[in-house]
Amino acid sequence: MNPVQRSSFGPNLNRRSLLRYSALAGAALGGASLLAACGDDSKDSSGGSVADGSKYGSVAIQLSWLKNIEFAGEYFADSKGYYKEAGFGSVNLIAGGAASTSVEAGLDTGKVWLGTSAPQTTAPAILEGLPAKIVATTYQKNPFCIVSSAAKPIKTPQDMKGRKIGVQDTNQLIFNALLNANGMKPSDVTIVPAQYDPTPLANGEVDGWVSYVTNEPITLTAKGFQNTNFLFADYNLPLVAETLTVKQSTIDKERDKLKAFLIAEIKGWKDAVANPAESARLAVEVYGKDQKLDLNEQTQEATAQNGLVVSADSTANGLLTMTDQLIEQNIAALRNAKIDIKADQLFDLSVLREVYAENPGLK
């Protein structure tokens, strides 16, 4: 299925492809035409002005997917001028997608300054030699879920035993990690190779479907198919998602610049959480205009997304944060996906913690 085609169940259902989540996926696809350079004019990371008159110049930020509701915080930060207030001349939000290079590849080649990714992508890239770290996370919970018919619900991993589950080829890794984390084997279920349009679930050809909780359950309901779901994150696979990833050199040499960016991000996401309707409008009418998104669906998805962005911990500590416990849970979850990495190899939340210590009003 072409990445920009849309199924009968709404736009962007094919975005479940783990091309967005697989290490260095698409690095050979020649993403130069899709990625803007970071802006050589930002020559002074210590705070001197640059050619465009701003403090930090222009930066390229690669999103993990096409420009839909997932990046509402970035849309607010851009449209309300938070990036400019932080000292950036411009912030180029670059759409990702199955046809683009991965965030990790973009960082490696210097085409992007920061990107939104996921632990199960960044960790393998680091183990292969990429000097990068996750410095913040948008989603406290991974959006992956199993969606099923409300008439024949699958409410837990154990309920999948003996049932037919539609699994996209590129989602096999995380699905197997879910099974492993819950003491199950692939042979406990009937895995049915699937694409990204969930019509086989609606038609009764399978009992469950690997999905995003913010997408397929909503679009299926809109088409009259009543459904239920459970999150991978609630069953021993508490991976975060839409993580903010940078090269180690950014942390070491551009700390103030990174802090300024994170302040703008926090402000943007606070606005996005507070106003799902405006988040949807920005996605549909402005930033994702070429995607022909449905305003009602995007509004519902924005509301659902808030449940992933906001948690008791993020309420207490601030948006984009991770507790030490959540970091360790992610390391354990990665082991279930056969990815063995240490916490200090993958995460560095020290910059974000400094941001909140220096700006307590952001919480």
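Presented here is an overview of the structure given in this document. These numbers come from a predicted model, not from an experiment.

Here the focus is the nonpolar core. Nonpolar side chains in soluble globular proteins tend to end up buried together. Counting 90 residues, the largest nonpolar core has Ile-146, Met-160 and Phe-175 as its most contacted members. The element that contributes the greatest number of residues to this core is helix H9 (residues 255–274), accounting for eight residues. If near-sequence neighbours (up to four positions away) are discounted, Met-160 is found in contact with Ile-146, Ile-154, Ile-165, Phe-175, Leu-178, Leu-179, Asp-188, Val-189 and Phe-230. Leu-201, Trp-209, Leu-220 and Phe-225 belong to the second-largest nonpolar core, a separate cluster that totals seven residues.

Further remarks concern the sheet that holds strand E1 (residues 57–62). Ordered by their spatial adjacency, five strands build an open sheet running E2-E1-E3-E10-E4, and the pairing between neighbours is mixed. One side of each edge strand has no neighbouring strand; the edge strands of this open sheet are strand E2 (88–94) and strand E4 (132–139). Strand after strand, the sheet turns through a mean of 25° between neighbouring axes, direction not considered. In terms of strand pairing, E1 meets strand E3 (residues 114–117) through two bridges, oriented parallel. Residue pairing for E3: Ile-61 is matched across the bridge by Leu-114.

Another point: the sheet that holds strand E6 (residues 164–168). One open sheet holds the five strands; their spatial order is E7-E6-E8-E5-E9, and the pairing between them is mixed. At either margin of the open sheet sits one strand with a lone partner, and together these are strand E7 (190–194) and strand E9 (227–231). On average, adjacent strands in this sheet sit at an angle of 35° to one another, irrespective of strand direction. As paired elements, strand E5 (residues 144–149) and E9 share five bridges and run antiparallel to each other. Residue Val-147 lies in a different strand from E9, and its bridge partner there is Asn-229. Here helix H5 (residues 172–181) sits on the sheet and contacts E5, E6, E7, strand E8 (208–212) and E9; the angle it forms with E6, its principal contact strand, is near 140°.

A word on the pairing of E6. Among the five residues of E6, four are classified as buried, and the element is accordingly described as predominantly covered. In this structure, E6 lies alongside E7, joined through five bridges in parallel fashion. Note that in E7 the partner of Gly-166 across the bridge is Val-192. For the crossover from E6 across H5 to E7, the handedness is right-handed. In terms of strand pairing, E6 meets E8 through two bridges, oriented parallel. Paired with Ile-165 across the two strands is Gly-208, which belongs to E8.

Calculation rules
- Residues numbered from 1 in each chain as written.
- Predicted model: local features only at pLDDT ≥ 70, side-chain atom pairs only at ≥ 80, totals over all residues.
- Heavy atoms only, no water.
- Core = buried A, V, L, I, M, F, W, Y, C linked by side-chain atoms within 4.5 Å.
- Buried < 20%, exposed > 50% of the residue type's maximum accessible area, 1.4 Å probe, protein only.
- Helix = DSSP H or I, 4+ residues; strand = E, 2+ residues; numbered from the N terminus.
- Contact = heavy atoms within 4.5 Å.
- Pairing = 2+ DSSP bridges.
- Axes fitted to C-alpha atoms, helices over the stretch in contact; angles between N-to-C directions.
- Right-handed = clockwise from strand over helix to strand, strands pointing away.

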